[in-house]
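Spelled out from the first residue to the last, the chains are:
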Amino acid sequence: MNSHRYPMKALAADYMRSAFGVLLPAALMLFTNLIPVVFYSMGALILLFAGYGLRTAWRHGTVLTVDGNGVRQEGLVGGFLDREIGWAEMRDFRLRYYSTQRDRTGGWMQLILRGGENRGVIRMDSHLPGFDDIVRQAHAATQNNGLALDPTTAANLSSLGLTSADPGLASTQEKSPS
Amino acid sequence: MFTYFAHRVLVMIPTLLVISVITFIIIQLPPGDYLSNQMAEMLSSGDRAAMENLAFLRQEFGLDKPMLEQYGVWLGIWPGNNGFSGILQGNLGWSFEYNLPVSEVVGDRLYLSLLLNFTTILFVYAVSFPIGVYTAVRQYSFGDHAMTFVGYIGLATPNFLLALILLYLGKKYFGVSMGGLMDEEFIGADMSWGKFLSICEHMVVPVIVIGTSGTAGMIRRLRANLLDELQKQYVTTARAKGLKNYKLLLKYPLRMALNPFVADIGNLLPQMISGSAIVAVVMSLPTSGPMLVNALQSQDQYLAGSFLLFLAALTVIGMFVSDLALAALDPRIRLGSEASK
């Protein structure tokens, strides 16, 4: 059984983003006399980055436990957002890649796992130590469960060295359960 | 996606700030300013009263202050003579040439520019999408050759030339003047149903003129991308398994081929805006283009700055929408040669 937590280094950058995103619009709203359209835009920015900060705090307190049976997410909010998905009951597996740079480098991956009925969704990103191992285990479960992969997931898996380099070919190959 | 959205918004804030700095520097680059040029003329004619008025304006608008302070006051993040009163507070500044507030000089021009460019983008997508798909699916058919020919004509014809041709043809064969963006009776009038209809009628030709080259380019790109996808092995496999053609097309190849199509929203906006400026001069359209050119020539800095900032903000927002759509459509990693494309 392996437990994973987001490192403070990754979270600190997100906390700073959140603080910048809240404080700059708030300062403009407080100290200058903005026209309504700009005022409400700044309000929307404050809400967005306050939400981002809360989400970062939630990630800060989240522990992901992975073993041969499945993955479990435990964290803050009094267990309200706790989830557990067994590998055998996994119904969806998606791997996404996001980058804000023009050359698409320096981004991060997001893994989305969906369980059976009432099992909910577990999301994690590549800032989590041991992310590659979790992806590998989840991918193995996908193959065992005979789940189809979308081309995006297949292409991202191939970048991690887990499948064929041709996303289309990978997806069609894996649609046939072994 | 939420994280991406927040990160992307955060990237936009410094981008807009940098753009505003560059815009301000550009409008300050030529030696002197509008008032100093005027002052030189007054000196030669010996008009003392007007010179005193110009000196007052120079002090009033802080033109004698350091550039950084002028920038802060212009943007509204630094208090000027009237406290915080810049673009963020809705004060676009003073047009020295028209001797009026910029917001009054600009009037409906910014909104009309926005409407014209937005409609043109809709036109480009509405026309190029079905044609692009058709020409890829029916490669080398008569329809493909015909559309390709029309596409090349569209790519090769300068917008202003097409505008002149349509103006000539409209006048000669239909006896109508296609210039302007509304009937003369509506110029300066408040928005009404009649004015809206008049704008819609007059917008048809400018939209076609400005959108033609973009449409032609977009058709070629969509056709090439879709052809690439249709030749991949998964398509052959799906066909061999008996999947119907339209289902196969919609499931993956079309979605994959849409990526550059969506990514082009950001590139399309600056092209439209710069292209529409020349067309607006030829067709006498009351948009921002001709007034921006005049403002830059006469160094009417606040007027030019407001236009440039508005157009740049529009482009940044276009890029933002394009990036969000692309991230939602296909969040794939692209490394090596693909990353550099």
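Residues numbered from 1 in each chain as written. Chains lettered and ligands numbered in written order. Predicted model: local features only at pLDDT ≥ 70, side-chain atom pairs only at ≥ 80, totals over all residues.

## Examining the interface of chain A and chain B
- Listed by partner, the interface residues are 28 residues for chain A and 29 residues for chain B.
- Counting only elements with at least two residues in the side of chain A that touches chain B, the list comes to α1 (8-31), α2 (36-60), β5 (92-98), α4 (151-159) and α5 (167-174) of chain A.
- Broken down by element, the side of chain A that touches chain B gets its largest block of residues, five residues, from α4 of chain A. (Contact = placed C-beta atoms within 7 Å. Helix = DSSP H or I, 4+ residues; strand = E, 2+ residues; numbered from the N terminus.)

## Section: the domain arrangement of chain A
Residues and elements named next belong to chain A.
- Annotation of chain A at the domain level lists domain 1 (2-60) and domain 2 (67-174).
- In this complex, domain 1 contributes six residues to the contact, which on the side of domain 2 involves seven residues.
- Tallied by class, residues from the side of domain 1 that touches domain 2 come to four nonpolar, two polar and no charged. (Domains from an automatic or database assignment. Nonpolar A, V, L, I, M, F, W, Y, C, P; charged D, E, K, R; others polar.)

## Points about the domain arrangement of chain B
All names here are of chain B.
- For chain B, the domain assignment lists domain 1 (32-106) and domain 2 (109-329).
- Between the C-alpha centres of domain 1 and domain 2 the distance comes to 37 Å.
- Every contact between the two is made by 14 residues of domain 1 and, on the other side, eleven residues of domain 2.
- Counting only elements with at least two residues in the side of domain 1 that touches domain 2, the list comes to α2 (34-45), β1 (94-95) and α5 (102-106).
- For the side of domain 1 that touches domain 2, the leading source of residues is α5, giving three residues.
- Split into classes, the residues belonging to the side of domain 1 that touches domain 2 amount to nine nonpolar, three polar and two charged.

## Structural notes on the packing of helix α1 (residues 2-28) of chain B against helix α4 (residues 67-75) of chain B
Residues and elements named next belong to chain B.
- Close contact between α1 and α4 brings their axes to 11 Å; oriented N to C, the two are set at 120°. Taken together, the axes of α1 and α4 lie oblique to each other. As for how α1 packs across α4, the hand of that crossing is right-handed. Facing Ser 20, Val 21, Phe 24 and Gln 28 of α1, the residues of α4 in contact are Met 67, Tyr 71, Trp 74 and Leu 75.
- Of the residues assigned to the contact of α1 with α4, the class counts are six nonpolar, two polar and no charged. (Axes fitted to C-alpha atoms, helices over the stretch in contact; angles between N-to-C directions. Parallel < 35°, antiparallel > 145°, perpendicular 65-115°, else oblique. Left-handed = near helix turned anticlockwise from the far one by under 90°.)

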